[in-house]
Amino acid sequence: MATMSSGKAQEAGRSIGAILVNSGRLALADVERIINFQKENDLRFGDAAMKLGILSEADIFYALSMQFDYPYLSGPGHPVSDEVVVAYRPFSAEGERLRSLRSQLQLRCFKEGASRIAMAVVGTCRGEGRSLLAANLAVTFAQAKERTLLIDGDLRNPRQNQLFKVENQTGLSNLLTGRMQEQVIKLIPGIPGLAVLPSGPIPPNPEELLGRSSFDRILDQSMSAFDVVIIDTPAMTEGADVTLLARFAGAALVVARNNMTRMAEFRELVDQMQESGVKVVGSVLIDAPLISQKRSKTPQRGG
């Protein structure tokens, strides 16, 4: 596994071709061939190189990460699940949409002058994609140089330990019961600034544990050390946990899935958030039918 991040200010002003030649990924003799093909077919440099079979998509992502000082993971031995697409393909079409969502959230959450934010990702039922969205969002915030903590608050069906491949023998449930005093937050290798607090062992009384004041203290401590805290939550249909967690965070991003989420339950969840004093900062529709879907499948390449 390798982390792709320049760490060199001079790369920001270089073209993709210059970066790849300098790194040994592109032969100087091939540059002229790519440029000629690029001009003949009105393509971007990266697209032309890929059509000629000279460069791979991984090579283009490498160069883009160097241009923008934007870390991502590459190579064998993936330390994070492939489902966390922005960790490996931040410049793909899906990565672009997730970065756009992050930017909207930054505008809405930071516009009031707050230097730190906490946000719960909530939904009505299992299978809507809350956990995966929370994981990808956490990575995008870390890639934007925000110190980010992802808390797995789903003490019923935890997922973040699987997505980030961390052990789950200790975590949030241990902290809530006061049986764990040592460091249980896991730093994610290859993604600077990102940490995960897994759920820990599944307790028999998750709602009661989350209702304790100890979670408030955990969140306060987290906010003092991180710029962004994202909380993954269980589904509304599984109990009052989601309301408790969102109330602690103070803000919620509501998730729905096309052909799965029921509109009546979605409205009930939004009303529930607002009645609890939780600010709904936005909503996301997973698998939304897009008119431009065919065009969006191919990411745009920089020149």
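Attention here is on the structure that accompanies the text. Numbering of residues starts from 1 in each chain and follows the order in which that chain's sequence is written. Given that the model is predicted, a residue must reach a pLDDT of at least 70 before its local features are reported, and side-chain atom pairs must reach 80 or more before they are shown or counted; all residues, however, enter totals for whole chains, interfaces and linings. The side-chain figures draw on all heavy atoms in the structure; neither hydrogens nor water molecules are used.

Another aspect to go through is the overall build of the chain. If you tally the helices and strands in the chain, you get 14 helices and 9 strands. When accessible area is computed with a 1.4 Å probe and restricted to protein chains, residues below 20% of their type maximum are described as buried, those above 50% as exposed, and intermediate ones as partly exposed. Relative to its 303 residues, the chain shows a buried fraction of 51%. In this description, accessible areas are obtained by the Shrake-Rupley approach with a 1.4 Å probe, and a residue is regarded as covered only by the protein chains that are shown. When the accessible surface of the chain is totalled, it reaches about 14,200 Å², and 49% of it is carbon and sulfur. In this description a helix means any DSSP run of H or I spanning at least four residues, a strand means any run of E spanning at least two, and both kinds are numbered starting from the N terminus.

Any Lys or Arg side-chain nitrogen located within 4 Å of an Asp or Glu carboxyl oxygen qualifies as a salt bridge. By the definition in use, this model includes 9 salt bridges. For Glu83, the salt bridge is made with Arg159, and the minimal N-O distance between the two is 2.7 Å. Taken together, the positions of Glu83 in the loop between strand E2 (72-74) and helix H5 (85-88) and Arg159 in the loop between strand E4 (148-152) and helix H8 (160-163) put the pair 76 residues apart, joining distant regions of the chain.

Turning next to the sheet that holds strand E3 (residues 117-123). DSSP bridges decide pairing: two strands pair if at least two such bridges lie between them. Strands sit in the order E5-E6-E4-E7-E3-E8-E9 across an open sheet of 7 strands; the sheet is mixed. Each end of this open sheet is capped by a strand with a single partner; those strands are strand E5 (186-187) and strand E9 (279-286). Relative to strand E7 (residues 228-232), E4 is paired through 5 bridges, and the arrangement is parallel. Each bridged residue has a counterpart across the sheet, and for Thr148 the counterpart in E7 is Val228. Contacts between helix H7 (residues 130-143) and the sheet are confined to E3, E4, strand E6 (194-197), E7, strand E8 (251-257) and E9, with E7 contributing the most and set at about 170° to the helix. In the packing of helix H12 (residues 241-249) onto the sheet, contacts are made with E3, E7 and E8, and the angle to E3 comes to roughly 160°. Residue contacts follow a heavy-atom distance rule, with two residues in contact if any of their heavy atoms lie within 4.5 Å. To obtain each axis, a line is fitted to C-alpha atoms, and for helices this fit is confined to the stretch in contact; angles are then taken between N-to-C directions over 0 to 180 degrees.

As a further point, take the side chain of Asn136. Looking at where Asn136 falls in the secondary structure, it is placed in helix H7. Overall, the relative accessible area of 3% leaves Asn136 in the buried class. Non-local contacts of Asn136, meaning those with residues more than four positions away in its chain, are made with Glu83, Val84, Val85, Val86 and Leu98.

The alternating pattern of E6 places Leu194 and Val196 on one face and Ala195 and Leu197 on the opposite face, and all of these are buried. Here E4 pairs with E6 via 4 bridges, running parallel. Within E6, the position partnered with Leu150 by the bridge is Val196. In terms of strand pairing, E5 meets E6 through 2 bridges, oriented antiparallel. Bridging from a neighbouring strand, Lys186 pairs with Val196 of E6. Two successive antiparallel strands, E5 and E6, enclose a turn made up of 6 residues, where Gly190 displays a positive phi of approximately 90°.

Taken by themselves, the reported measurements are silent on function.
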